[in-house]
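# Structural features, examined
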Amino acid sequence: MFGIPWWTLIGSGTDWPAGVFVTGTALFAIVLVAFPVMMYLGHNRGARDWAARIGDTTLGAIWVLLVWSVIGQILELALLGVDDPARSRIVAGFVAIAAIGLLVWGYREALRVPRIRTVDVTIPRLGEDLAGTRLVVISDTHYGPLDRARWSARLVAAVNDLDADIVCHAGDIADGSPSRREAQAAPLATVRSRLAKAYITGNHEYFGEAQAWLDHMAGLGWETLHNRHIVVERGTARLVLAGVDDATARASGLDGHGADLTRALDGADPDLPVILLAHQPKQVKQAVDKVDLQISGHTHGGQIWPFHYLVRLDQGVVHGLSRHGSRTQLYTTRGSGFWGPPFRVFAPSEITVITLRA
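Below, the structure is looked at part by part. Note that the structure is predicted; figures quoted are calculated from it, not measured. (Residues numbered from 1 in each chain as written. Predicted model: local features only at pLDDT ≥ 70, side-chain atom pairs only at ≥ 80, totals over all residues. Heavy atoms only, no water.)

Our next topic: the overall build of the protein. The helix and strand inventory of the protein stands at 10 helices and 12 strands. Per-residue burial over the protein gives 54% buried out of 358 residues. Taken as a whole, the protein presents about 15,400 Å² of accessible surface, with 59% of it coming from carbon and sulfur. Computed over 33 positive and 34 negative side-chain charges, the inter-centroid distance for the protein is 3 Å. (Helix = DSSP H or I, 4+ residues; strand = E, 2+ residues; numbered from the N terminus. Buried < 20%, exposed > 50% of the residue type's maximum accessible area, 1.4 Å probe, protein only. Areas by Shrake-Rupley, 256 points an atom, 1.4 Å probe, with all protein chains shown as cover. Lys, Arg positive; Asp, Glu negative; His and termini not counted. Charge placed at Lys NZ, Arg CZ, Asp CG, Glu CD.)

Written out as structure tokens, the structure is:
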């Protein structure tokens, strides 16, 4: 990750003056040594937020530099008619400008209030009185080392402006315990909905205190769908809103945790349509033809291009509406926040408004 950007910007055939070469090489060496130290200090059990901010930002920056250095090396093949050092300096300049521009833009994208994305989902068994129900989805807020209490308040204001019938948080609420992230999560207590607001755990809750987050969200007035369901009613129509733990919950060893769709749907009327909250899209394998719509997050849409190709290998789906089996649809949101590196590059955040159609 560090070698290719160093070679592209400093080494190669750029033939920079000795002072530039030594300074650039020393800078890369310092960052190379500091990076794992900051990541360890920032993400171990005694995590220090200041170290996490440095380490996470470095991770995002070096990933962007790596990607565009590889693109730069390919571009250099098209400039074989230009002699060095001019050719290598042109490539180095291109990579530096592209990386800096994308990082500045990506930082602004990460910290902005998410765009509103609308999608209609037809559920054939939906009762007419629930037709037109507006289900607003947020996910992957990842309250963490970078204090985003003000961003959280703006996010909630945007959600409340949507006049939702149902609001869902599809997991990965925070990196850290409720006691550490209480101020950032506090605005969630003011989320408004007519019929229900529901929360499930994501994988990041299981790096910390998943049960504590379930308890905290219940205290903020949310239905915590820990392998259980509620019934949402309007007029004569009803639907089942269910939730399961994250796919990593069982391996966490936390007593009573582990995705269990059978338990979540226990006692539900089989004639009612089912909407399932499950943090990871790949959990749809267990839900095929058992639910009408699964709502997931986790992928961040890749967050920083072109990471979405790796996400697709793991999850099968990166973003959007997809069909699985004869009955089940899956909507995967890009999420509302970001994890780690405070950048979003070609993967915009979103607040999703799903309108249910009969």
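The structure having been displayed, the exposition proceeds.
This paragraph deals with the pattern of salt bridges. Counted under the stated rule, the structure contains 15 salt bridges. In this structure, Arg234 and Asp165 form a salt bridge, with 2.6 Å as the shortest nitrogen-oxygen distance. Of the two residues, Arg234 is situated in strand 6 (residues 228-234) and Asp165 in the loop between helix 5 (149-160) and strand 3 (166-169); the sequence distance between them amounts to 69 residues. Assessed through its relative accessible area of 3%, Asp165 is described here as buried. Taking the shortest distance from any N to any O, the salt bridge between Asp292 and Arg327 comes out at 2.9 Å. Pair noted here: Asp292 is in the loop between helix 9 (284-287) and strand 9 (293-296) and Arg327 is in the loop between strand 10 (320-324) and strand 11 (328-332), with a separation of 35 residues, a long-range link. Residue classification places Asp292 among the buried residues on the basis of a relative accessible area of 4%. Taken together, the shared-partner salt bridges in this structure form one network comprising Asp163, Asp165, Arg194 and Arg234. (Salt bridge = Lys/Arg side-chain N within 4 Å of Asp/Glu carboxyl O.)

On to the sheet that holds strand 8 (residues 274-277), then. The strand order across the open sheet formed by 6 strands is 6-7-8-9-11-10, and the pairing between neighbours is mixed. Pairing within the sheet leaves two strands with one partner each, and these edge strands are strand 6 and strand 10. Strand after strand, the sheet turns through a mean of 20° between neighbouring axes, direction not considered. Sheet topology note: the strand 8/strand 9 ladder contains 3 bridges and is parallel. Counted as the bridge partner of Leu277 is Ile295 from strand 9. (Pairing = 2+ DSSP bridges. Axes fitted to C-alpha atoms, helices over the stretch in contact; angles between N-to-C directions.)

Another point: the sheet that holds strand 5 (residues 223-224). Across the sheet, 6 strands lie side by side as 1-12-2-3-4-5; this open sheet has mixed pairing. Each of the sheet's edge strands pairs with one partner strand only, and the pair in question is strand 1 (115-122) and strand 5. Bridge count between strand 1 and strand 12 (residues 350-357): 8 bridges; the pairing is parallel. Paired with Ile116 across the two strands is Ile351, which belongs to strand 12.

Scanning all chains against the criterion turns up 9 aromatic pairs. With a centroid separation of 6.0 Å and 50° between ring planes, the pair formed by Phe2 and Phe35 is classed as tilted. Of this pair, Phe2 sits in the segment before helix 1 (3-9) while Phe35 sits in helix 2 (residues 18-43), and the two are 33 residues apart along the sequence. Judged by relative accessible area, which is 11%, Phe2 ranks as buried. (Phe/Tyr/Trp six-rings, centres within 6.5 Å; stacked < 30°, edge-to-face > 60°.)

Turning our eyes to something else, we now look at helix 2. Across its 26 residues, helix 2 extends 38 Å between first and last C-alpha, which sits within 8% of the 38 Å expected from 1.5 Å per residue. The largest bend in helix 2 comes to about 30°, at Ala34, with the proline Pro36 one to four residues further on. Listed in full, the buried residues belonging to helix 2 are Gly24, Phe28, Phe35, Met38, Met39, Leu41 and Gly42. The inward-facing, buried residues of helix 2 abut helix 1 and helix 3 (49-77). (Expected span 1.5 Å × (residues − 1). Bend = angle between axes of the 7 residues up to and from the residue. Contact = heavy atoms within 4.5 Å.)

So, on to the side chain of His226. Relative to the helices and strands, His226 resides in the loop between strand 5 and strand 6. Since its relative accessible area comes to 17%, His226 is described here as buried. In this structure His226 touches Gln211, Leu214, Gly243, Asp245, Gly256, His257 and Arg263, once residues within four positions along its chain are discounted.

The next thing to look at is the pairing of strand 2 (residues 134-138). Of all 5 residues in strand 2, 4 are buried, a share of seventy percent or more. Here strand 2 runs beside strand 12; their pairing, made up of 4 bridges, is antiparallel. Residue pairing across strands places Val137 opposite Thr352, the latter belonging to strand 12. The pairing of strand 2 with strand 3 spans 4 bridges and is parallel. Residue pairing for strand 3: Ile138 is matched across the bridge by His169.

Here strand 11 lies mainly inside the structure; 5 of its 5 residues are buried. Along strand 11, one buried face is formed by Thr328, Leu330 and Thr332 and the opposite face, lined by Gln329 and Tyr331, is buried too. The pairing of strand 9 with strand 11 spans 4 bridges and is parallel. Bridging from a neighbouring strand, Ile295 pairs with Tyr331 of strand 11. Between the antiparallel neighbours strand 10 and strand 11 lie 3 residues, among them Gly325 with a positive phi of about 75°.

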